Amino acid sequence: MANNSQPSQQDTQKLIQQLNSGQLAQAEQTANSLLIKHPNAFVLHHVLALALDGQQKFADAVVSYQHAIKLQPNTADLYFNLGIALNHLNRFDEAINAYQQAIRLQPKFFEAHGNLGTVLQRLGRLDDAVKSYRAGLTINPQDARGQFNLGTALRDKGNLSEAIASYQQAIKLFPNYTDAYNNLGETLRDHGDMDAAVKNYQAALERNPEHPNANYNMGEFCYLAKRYSEAATYFERAQFDDWQARQLYSLYKAERFDDFKSTLDTVVNHTPHTSPFIATLSTHYANNFAQEDAYNFCKNGLDFVYQNSIDALAEPNSPLLKALLHDIDHADIAQRVQGMLHYGKQSAGNLFKRPEPSFRQLATLIKQEFIRYKNQFAHADCELIQSFPEELEFTSSWYVNMQQGGHLNAHIHEIGWISGAVYLAMPSCSGNEGAFEYGTHGDNYPIQPSKTLADFPSAQILPDVGDIVLFPSSLFHRTIPFQADERRICIAFDLKPK
């Protein structure tokens, strides 16, 4: 026979008082003691779940929420809190189900719509995320955070104009929303309006001078404007993401070599050698000044370039190839303006987070190639391989569609670990036209008077349709101009530790 006895009112009040006063460990202990006598008391399971949740004991909290739900299955808040705990545990599909149950019970549960959108966005289900955010905003159109979240999903989709409008609405609703100013600036930058972008970064810094992202973005703007010493200051203030690499870059471009060397020595001696960007700088400095390269991310990057043919793309009349080219030409994908690309178009957003099956299938094939890459270089004594992550994510992915005269200046992908490209269309060229060139110099890095370009090693690959090329993100690379009247189309990407 089920034990349906309930705790006394005095015991219940004591328990709730412990919870409300922040005595979470005591509340947990009290609830567990009372559950021995009253195993089916809803209030005990509910309070225990909240106490565990507040102590970040999320796995135990999930169990308690589930017990409470069995006793009162029509309580929307329980499903909502369960979803939050599951999200903390990266159990995303279960979290989605919990939020959906909360919404089923309470259709105007604004917070549940927002949280559901966040999980969907994290899983790359951007269309569904946008729907959830918009559903929440129909319930509470004055919520600035909802507008901000909608902007982030629209930006991920590459819908830059709509993202800009959402960030602007968030700021209208909350004029001191520093994150919204910063994100609006980033989206305007991607849209090609750098002047407006800078005004928004500055608006964020007026409200919070220490805002990490806004300082970082101002640093990025300053070094693009060749105001390198200013950039170094902004990056140091940012203390965010790869700020040390960006600071080193700015010092090097400013030709403040003594400051660069002392900062590099500090980084070499006190941080793991896991930054491709710092590796680029360290290798260039070592070649420039005839010194040993002390940064062991991948000292001999040219030896770690990988080329292979992907059968599903290279086969005659490949259905995947046709689907990819069709989606590139016809899907509603915004373009990104960037100064290094000549006579061509580049997509905005993260292509592999889009819903088209062709892009998702290609992403899966690329990850398989990464496993082959890792196995091929498994015995290399460098951080690129020794610290090669078990779990990877695409930090960025985009297509580059070039026409006659197309080329791309030498650059690196600062936010990658391994970078690469898959080739979908190649022009019929003579010689090395249209080739992929990689090496250790680019971006107008300063060269000492005693040095020439020959002191900075480089090599070339002329890929075929269906080929994939993978390389350390520390290598400069460019596309050599071609004159054939045909398109050169590739999908490029970066993967890094998740």
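All values derive from a computational prediction rather than experimental measurement.

### Concerning the packing of helix H15 (residues 243–253) against helix H17 (residues 276–288)
As a packed pair, H15 and H17 sit with axes 9 Å apart at the nearest point and diverge in direction by 30°. By the criterion of interaxial angle, the relationship of H15 to H17 is roughly parallel. In the packing of H15 onto H17, the handedness of the crossing is left-handed. The residues of H17 that touch H15, namely those facing Ala245, Arg246, Leu248, Tyr249 and Tyr252, are Phe277, Ile278, Leu281, His284, Tyr285 and Asn288. Across the contact of H15 with H17, the residue classes tally to 8 nonpolar, 2 polar and 1 charged.

### Observations concerning the pairing of strand E7 (residues 467–472)
Of all 6 residues in E7, 6 are buried; the element is thus mostly enclosed. With burial as the criterion, each face of E7 is covered, one bearing Asp467, Val469 and Phe471 and the other bearing Ile468, Leu470 and Pro472. Of the strand pairs in this sheet, strand E4 (residues 418–425) and E7 are connected by 5 bridges, and their pairing is antiparallel. What sits directly across from Val422, in E7, is Ile468.

### Structural notes on the packing of aromatic side chains
Summed over all chains, the structure comprises 30 aromatic pairs. Measuring from ring centre to ring centre gives 5.2 Å for Phe297 and Trp417, while their planes differ by 85°; the resulting arrangement is edge-to-face. Separated by 120 residues along the polypeptide, Phe297 in the loop between H17 and strand E1 (306–309) and Trp417 in the loop between strand E3 (392–411) and E4 bring together distant segments of the chain. Here the two residues Phe297 and Trp417 agree in accessibility, since each one is buried.

### Brief notes about helix H19 (residues 319–330)
The terminal C-alpha atoms of H19 lie 16 Å apart, and with 12 residues this matches the ideal 16 Å at 1.5 Å per residue to within 8%. Taken together, the buried positions of H19 are occupied by Leu320, Leu321, Leu324, Asp327 and Ile328. Buried residues of H19 fall within an arc of 135° about the axis and therefore sit on the same side. Exposed side chains of H19 directed beyond 90 degrees from the buried face belong to Pro319, Lys322 and His330. In this fold, the buried residues of H19 make contact with helix H18 (311–314), helix H20 (357–376), E3, E4 and strand E9 (488–497).

### Some words on the pattern of salt bridges
Tallied over the entire structure, the rule returns 22 salt bridges. Among the ionic pairs, Lys57 bridges to Glu28, the shortest N-O distance being 3.0 Å. Of the two residues, Lys57 is situated in the loop between helix H3 (42–54) and helix H4 (58–71) and Glu28 in helix H2 (residues 24–37); the sequence distance between them amounts to 29 residues. When the shortest N-O distance is used, the salt bridge between Asp265 and Lys261 registers 2.8 Å. Highlighted residues: Asp265 and Lys261, both in helix H16 (residues 257–270), separated by 4 residues, approximately one helical turn. Taking relative accessible area as the criterion, Asp265 reaches 31% and is therefore assigned partly exposed.

### Brief notes about the nonpolar core
In terms of nonpolar packing, the biggest core is built from 137 residues, with Ile366, Tyr373, Leu384, Ile491 and Phe493 touching the most fellow members. The next biggest cluster of nonpolar side chains, apart from the first, holds 18 residues, and it includes Leu341, Met402, Ala421 and Tyr423.

### With respect to the side chain of Asp494
Among the structural elements, Asp494 can be located in strand E9. Buried charged residue Asp494 carries no salt bridge. Nearest counter-charge: Arg336, at 8.6 Å. Reaching out from Asp494, the side chain makes a polar contact with the side chain of Ser396 at a distance of 2.9 Å. Beyond its immediate sequence surroundings of up to four residues, Asp494 is in contact with Glu393, Phe394, Thr395, Ser396, Trp398, His413, Ile415, Gly416, Ile418, Ser419 and Ser473.

What counts and what doesn't
- Residues numbered from 1 in each chain as written.
- Predicted model: local features only at pLDDT ≥ 70, side-chain atom pairs only at ≥ 80, totals over all residues.
- Heavy atoms only, no water.
- Axes fitted to C-alpha atoms, helices over the stretch in contact; angles between N-to-C directions.
- Helix = DSSP H or I, 4+ residues; strand = E, 2+ residues; numbered from the N terminus.
- Parallel < 35°, antiparallel > 145°, perpendicular 65-115°, else oblique.
- Left-handed = near helix turned anticlockwise from the far one by under 90°.
- Contact = heavy atoms within 4.5 Å.
- Nonpolar A, V, L, I, M, F, W, Y, C, P; charged D, E, K, R; others polar.
- Buried < 20%, exposed > 50% of the residue type's maximum accessible area, 1.4 Å probe, protein only.
- Pairing = 2+ DSSP bridges.
- Phe/Tyr/Trp six-rings, centres within 6.5 Å; stacked < 30°, edge-to-face > 60°.
- Expected span 1.5 Å × (residues − 1).
- Arc of directions from axis to C-beta.
- Salt bridge = Lys/Arg side-chain N within 4 Å of Asp/Glu carboxyl O.
- Core = buried A, V, L, I, M, F, W, Y, C linked by side-chain atoms within 4.5 Å.
- Lys, Arg positive; Asp, Glu negative; His and termini not counted.
- Polar contact = N/O pair within 3.5 Å; in protein donor to acceptor, adjacent residues only side chain to side chain.

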